[in-house]
Amino acid sequence: QVQLVESGGGVVQPGGSLRLSCAASGNIRSIFAMGWYRQAPGIQRELVATITAGGYTIYGDSVKGRFTISRDNAKNTAYLQMNSLKPEDTAGYYCKLERITTMDSFEYDQWGQGTQVTVSS
């Protein structure tokens, strides 16, 4: 079983910054990719950023140049540094572990519970 802990959400003024963390622990041999998705009320969940174990990154168009994803493979932890935040960044942010391989070679994906980010003056 894999435990996933998200942290770092909160309320920030426009132009401010936040840093989200997603820490995975438990029965893990490897994790192919760790990513962040977000969902605002009435809007489909969208990709924010994802990073592979090798460091390859993909960003959603709306966050390019403002957000940076990074990863510590030894700690199975991903970070999302969010700068120049805008009100339209307000959403629930969900961490996703893609292709977790367990010690007994079972593979699956896992979502976190989400953390709220609110950008408001």
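The structure presented is a predicted model; accordingly, all values stated were derived computationally and were not measured.

Peer 1: Let's hear about the side chain of Thr 77: which residues, and what values?
Peer 2: Here Thr 77 lies in strand β8 (residues 77-82). Take Thr 77: its relative accessible area is 7%, and that puts it in the buried class. Among the polar contacts listed, one links the side chain of Thr 77 to the backbone oxygen of Lys 75, at a separation of 2.9 Å. For Thr 77, the residues in contact, after removing those within four places along its chain, are Cys 22, Ala 23, Met 34, Ser 70, Arg 71 and Asp 72.

Peer 1: Lay out the pairing of strand β11 (residues 115-119) in plain terms, naming residues and giving numbers.
Peer 2: Because side chains alternate across β11, one face comprises the buried residues Thr 115, Val 117 and Val 119, and the other comprises Gln 116 and Thr 118, none of which is buried. Of the strand pairs in this sheet, strand β2 (residues 10-12) and β11 are connected by three bridges, and their pairing is parallel. In the strand pairing of β11, Val 12 is matched with Val 119.

What counts, and where the lines are drawn
- Residues numbered from 1 in each chain as written.
- Predicted model: local features only at pLDDT ≥ 70, side-chain atom pairs only at ≥ 80, totals over all residues.
- Heavy atoms only, no water.
- Helix = DSSP H or I, 4+ residues; strand = E, 2+ residues; numbered from the N terminus.
- Buried < 20%, exposed > 50% of the residue type's maximum accessible area, 1.4 Å probe, protein only.
- Polar contact = N/O pair within 3.5 Å; in protein donor to acceptor, adjacent residues only side chain to side chain.
- Contact = heavy atoms within 4.5 Å.
- Pairing = 2+ DSSP bridges.

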